[in-house]
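Chain by chain, the residues:
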Protein chains: 2
Amino acid sequence: MNAISKNDLMTLLIRALKTNGLKITEKRQILLNVFLKNPDTHFDFDTLYQEAKKEWPHYGVATLYRNLRIFVDKGILSENIIGNKKYYELKMFNKKKIHAHLICKYCGSIDEYYSPDLVKYIKMIDKKYDFDVYYGELNFYGICSNCKRAIKNDLK
Amino acid sequence: MNAISKNDLMTLLIRALKTNGLKITEKRQILLNVFLKNPDTHFDFDTLYQEAKKEWPHYGVATLYRNLRIFVDKGILSENIIGNKKYYELKMFNKKKIHAHLICKYCGSIDEYYSPDLVKYIKMIDKKYDFDVYYGELNFYGICSNCKRAIKNDLK
DNA sequence: TTGATTGCAAAATATTTGCACGTCA
DNA sequence: TGACGTGCAAATATTTTGCAATCAA
């Protein structure tokens with residue numbers, strides 16, 4: 001196994017900042033670190049804000065809003081709106097790039113789903129509509145297997 | 001051709017209101033009529049508000065917000081968030097139900113796309129993840145054919 | 001040094017709510 | 001009539017902006 005360490009990932013992220021002409025500030029590192037600590041999570045604004053404040057109590061909302069926007073623009077984070085909330089995730093972790101979210105209406109869990117069929121499907125859109133897809137948001141709402149099981153048990 | 005007339009569609013919508021225990025008020029009819037007038041359009045709040053005000057100058061924001069939420073909850077309208085805006089469309093027109101939006105980053109146009117492959121794709125998710133999909137939002141961002149052509153001409 | 005970044009507070013937007021009045025069934 | 005719906009204004013929530021101070025390069 002050659003899993004990439006969190007330190008390595010941070011190095012990559014810092015390189016990404018440099019590449020984009022952004023300064024490596026402590027506030028930005030704190031933010032990116034929140035993502036690194038929990039790579040599979042989709043964070044909403046409030047959670048990010050609370051987590052950032054744990055590291056730096058004076059972290060300002062404006063700073064967070066500004067950096068989120070910059071990071072999304074520069075392609076470091078992706079933004080996904082589910083329900084009424086915006087969720088952010090490190091694009092780095094989604095080498096799969098375009099993936100789908102499976103959102104459970106019962107427990108609110110957000111899982112990711114990816115398959116080569118999705119790529120095939122997108123290529124088909126390109127061809128059929130002469131539309132160049134370069135990014136996609138796919139949200140499927142439904143009931144996850146855990147909740148299905150729980151519901152069945154309740155009915156017993 | 002047996003195209004359904006707008007009157008018929010309004011009748012269906014009114015029936016939908018009744019079925020859901022909602023009163024048939026003038027304000028609601030005005031709102032639904034905005035959608036009927038332009039069936040293929042995805043309306044944002046401001047556009048809906050302006051259109052409603054044309055028919056009833058005192059139409060209030062609260063009324064519009066409330067009715068939009070009710071209609072979305074009852075499944076009469078669907079809500080889709082693109083960029084920072086919420087867009088609404090009559091579900092009635094989307095018998096296809098789950099369809100994708102092709103959003104052009106240049107001109108902002110929003111086209112709809114549907115194919116049986118999408119249905120197949122969703123069924124696969126059901127099976128593979130044991131996740132019951134009952135609704136989906138799919139937004140693909142890219143460049144539409146018109147803009148591609150325009151860009152090519154500019155480069156000449 | 002110098003332009004980018006930050007925190008704070010204020011401003012601008014977006015959305016919801018309380019309430020008196022109106023109206024659909 | 002009576003519950004539901006509406007408009008207005010006020011309250012909240014969300015996001016952006018101006019600006020002086022600070023910081024990274």
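By convention here, each chain's residues receive numbers from 1 onward along its written sequence. Chains and ligands are labelled by the order in which they are written, letters from A for the one and numbers from 1 for the other. In keeping with the model being predicted, local features are shown solely for residues with a pLDDT of at least 70 and side-chain atom pairs are shown and tallied solely at 80 or more, while totals for entire chains, interfaces and linings include all residues. Processing note: side-chain calculations cover all non-hydrogen atoms of the structure and skip hydrogens and water entirely.

A. Spatial organisation of the protein's contact with DNA strand C. Near DNA strand C lie 20 residues; those nearest to it are A:Thr25, A:Arg28, A:His58, A:Thr63 and B:Tyr65. Each residue is tested against the molecule or strand, and it is near if at least one of its non-hydrogen atoms lies within 4 Å. Expressed as a percentage, the sugar and phosphate content of the atoms of DNA strand C within 4 Å of the protein is 68%. Measuring from a phosphate oxygen of DNA strand C, one finds a side-chain N or O atom of A:Arg28 at 2.5 Å. Within the contact set of DNA strand C, a base oxygen lies 3.2 Å away from a side-chain nitrogen or oxygen of B:Lys23. Helix and strand definitions follow DSSP, with helices as H or I runs of at least four residues and strands as E runs of at least two, each counted in order from the N terminus. Of all the elements in the fold, those that place two or more residues in the surface near DNA strand C are α2 (26-37) and α4 (61-73) of chain A together with α4 (61-73) of chain B. Counting of polar contacts relies on pairs of N or O atoms within 3.5 Å, with two restrictions inside protein: one atom must be capable of donating a hydrogen and the other of accepting it, and residues adjacent in sequence are counted only when both atoms are side-chain atoms.

B. Quick peek at the sheet that holds strand β3 (residues 85-90) of chain A. Residues and elements named next belong to chain A. By this definition, two strands are paired if DSSP reports at least two bridges between them. If you walk across this open sheet you meet the 3 strands as β1-β3-β2, and the pairing is antiparallel. Where the open sheet ends on each side, the last strands, each with one partner, are β1 (43-44) and β2 (77-82). Bridge count for β2 against β3 is 6 bridges, and the pairing is antiparallel. Counted as the bridge partner of Asn 80 is Tyr 87 from β3. The criterion used for residue contact is that any of the two residues' heavy atoms lie within 4.5 Å. Helix axes are fitted only over the stretch in contact, all axes being lines through C-alpha atoms; the angle between N-to-C directions runs from 0 to 180 degrees. Across the sheet, α2 lies against β1, β2 and β3, angled at about 85 degrees from β3, the strand it touches most.

C. Seen up close, the packing of aromatic side chains. Stacked, tilted and edge-to-face are the three classes assigned to paired rings of Phe, Tyr and Trp, where Trp is represented by its six-membered ring and a pair needs centres within 6.5 Å; plane angles under 30 degrees give stacked, over 60 edge-to-face, the rest tilted. According to the stated counting rule, one finds 7 aromatic pairs over all chains in the structure shown. Seen in terms of ring centroids, A:Tyr113 and B:Tyr129 are 4.7 Å apart; in terms of plane orientation they differ by 85 degrees. Their pairing is edge-to-face. Taken together, the residues A:Tyr113 in strand β5 (residues 110-113) and B:Tyr129 in helix α5 (residues 116-129) connect one chain to another.

D. Structural view of helix α5 (residues 116-129) of chain A. Each residue after the first adds 1.5 Å to the expected span of a helix. For α5(A), spanning 14 residues, the distance from its first C-alpha to its last is 20 Å, which sits close to the expected 20 Å at 1.5 Å a residue. Three labels apply to residues, based on accessible area from a 1.4 Å probe with only protein chains included: buried if under 20% of the type maximum, exposed if over 50%, partly exposed otherwise in between. Those residues of α5(A) that sit buried are A:Leu118, A:Tyr121, A:Ile122 and A:Ile125. Here the buried residues of α5(A) occupy an arc of 95 degrees about the axis, which is enough to place them on one side. Among the exposed residues of α5(A), those pointing more than 90 degrees away from its buried face are A:Pro116, A:Lys120, A:Lys123 and A:Lys127. Buried residues belonging to α5(A) abut β4 (100-104) and β6 (132-143) of chain A together with β4 (100-104), β5 (110-113), α5 and β6 (132-143) of chain B. Trailing α5(A) by a residue or two, A:Asp130 shows a phi angle of about 50 degrees, which is positive. For this quantity, the arc is that covered by the directions from the helix axis to the C-beta atoms.

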